[in-house]
Amino acid sequence: TQLLEQSPQFLSIQEGENLTVYCNSSSVFSSLQWYRQEPGEGPVLLVTVVTGGEVKKLKRLTFQFGDARKDSSLHITAAQTGDTGLYLCARMIYNQGGKLIFGQGTELSVKP
Amino acid sequence: DAGITQSPRHKVTETGTPVTLRCHQTENHRYMYWYRQDPGHGLRLIHYSYGVKDTDKGEVSDGYSVSRSKTEDFLLTLESATSSQTSVYFCAIQGPYGYTFGSGTRLTVV
């Protein structure tokens, strides 16, 4: 299957807390992308992870690609209200026009 | 940033009427995509194009057609709109650094 399962679907936390969002699949994928989407806008690419075990950091966001390349996580340290949004993971299917298959998303709300 | 614009941004239409959504890019990218976004489903691919007049179906293509007569324009048509096609539609282009999405078209079929 090419499905991506994200968890949790909804997350409401206070400013300053840490959180982790997960993206899992039963199949191996060659790369994974994370997007953030704000209301009324399209998704914006945050990062692409390619190598098993890879860790990438983007300010307070840490992205990890599982060793077996079947899962990925996004960890936010000291969340801020500006982190509020929908976080989506996606895998690219290279032999099908480079289309993206998305997880269902994690809706994050950070309260002041 | 790649230039990609969608029009219209909002539309309300009646069941059974035809609707065309437009996606325009200024970057000359080969690949363009149409997705729809519904609660609990993330984004799902409707159709994509890999060049002028070259298109293919995605996972939710029933009830939709597309056309690409110029590199810069990718049109999505609902031949006869149904209430199940009420959704937010996103166009995307694939550039050298990844995907860029438009701001979306919110379509309501009443």
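A. Fine view of the overall build of chain A. Assigned secondary structure in chain A consists of 0 helices and 11 strands. When its helices and strands are written in sequence order, chain A yields β-β-β-β-β-β-β-β-β-β-β. Relative to a compact globule of 112 residues, whose C-alpha radius of gyration would be 13 Å, chain A shows 14 Å and is just as compact. Taken over 112 residues, chain A has a buried fraction of 47%.

B. Region of interest: the pattern of salt bridges. Residues and elements named next belong to chain A. Taken as a whole and assessed by the stated rule, the structure comprises 7 salt bridges over all chains. Of the charged contacts, one joins Arg36 and Glu38 as a salt bridge, the two residues approaching to 3.1 Å between their closest N and O atoms. Residue classification places Arg36 among the buried positions, given a relative accessible area of 17%. For Glu38, a relative accessible area of 41% translates into the label partly exposed. The salt bridge involving Arg60 is made with Asp83; its shortest N-O contact spans 2.9 Å.

C. Representation of the interface of chain A and chain B. Counting residues at the interface gives 20 residues for chain A and 20 residues for chain B. Between chain A and chain B, the buried area comes to about 1400 Å², and carbon and sulfur atoms account for 55% of it. When residues of chain A are sorted by the area they lose upon contact with chain B, Gly97(A), Lys99(A) and Phe102(A) head the list and together hold 28% of the total. Taken together, chain A and chain B are joined by 7 residue pairs in polar contact (both at pLDDT 80 or more). Of all the elements, strand E10 (residues 99–102) of chain A adds the most residues to the side of chain A that touches chain B, at 4 residues. Class assignment for the residues of the side of chain A that touches chain B results in 9 nonpolar, 9 polar and 2 charged.

D. Main features of the packing of aromatic side chains. A full pass over the atoms with the stated rule returns 14 aromatic pairs over all chains. Consider the rings of Trp34(A) and Phe63(A), whose centres lie 6.4 Å apart with planes at 45°: the pair is tilted. Linking Trp34(A) in strand E4 (residues 32–37) with Phe63(A) in strand E7 (residues 61–65), this pair joins segments that are 29 residues apart in sequence. Each member of the pair Trp34(A) and Phe63(A) is classed as buried. Ring geometry for Phe102(A) versus Tyr35(B): centroids 5.7 Å apart, planes at 90°, classification edge-to-face. Here Phe102(A), found in strand E10, pairs with Tyr35(B), found in strand E4 (residues 32–38), and the two come from separate chains.

E. Geometry of the side chain of Glu54(A). Residues and elements named next belong to chain A. With respect to the element layout, Glu54 can be found in the loop between strand E5 (44–49) and strand E6 (55–58). Take Glu54: its relative accessible area is 18%, and that puts it in the buried class. Among the polar contacts listed, one links the side chain of Glu54 to the backbone nitrogen of Val50, at a separation of 2.7 Å. Setting aside its immediate chain neighbours within four residues, Glu54 contacts Thr48, Val49, Phe63, Gln64 and Phe65.

F. Representation of the state of the cysteines within the structure. All names here are of chain A. For the structure shown, the criterion picks out 2 disulfides over all chains. Across the disulfide, Cys23 is cross-linked to Cys89 (sulfur-sulfur distance 2.0 Å). Handedness of the Cys23-Cys89 disulfide follows from its S-S torsion of about 75°: it is right-handed. Of this pair, Cys23 sits in strand E3 (residues 19–24) while Cys89 is found in strand E9 (residues 85–93), placing the two residues 66 residues apart along the sequence. Considered together, Cys23 and Cys89 belong to a single accessibility category, that of buried residues.

Calculation notes
Residues numbered from 1 in each chain as written. Chains lettered and ligands numbered in written order. Predicted model: local features only at pLDDT ≥ 70, side-chain atom pairs only at ≥ 80, totals over all residues. Heavy atoms only, no water. Helix = DSSP H or I, 4+ residues; strand = E, 2+ residues; numbered from the N terminus. Rg over C-alpha atoms; globule rule 2.2 N^0.38 Å. Buried < 20%, exposed > 50% of the residue type's maximum accessible area, 1.4 Å probe, protein only. Salt bridge = Lys/Arg side-chain N within 4 Å of Asp/Glu carboxyl O. Contact = heavy atoms within 4.5 Å. Buried area = accessible area lost by both parts, 1.4 Å probe. Polar contact = N/O pair within 3.5 Å; in protein donor to acceptor, adjacent residues only side chain to side chain. Nonpolar A, V, L, I, M, F, W, Y, C, P; charged D, E, K, R; others polar. Phe/Tyr/Trp six-rings, centres within 6.5 Å; stacked < 30°, edge-to-face > 60°. Disulfide = S-S within 2.5 Å.

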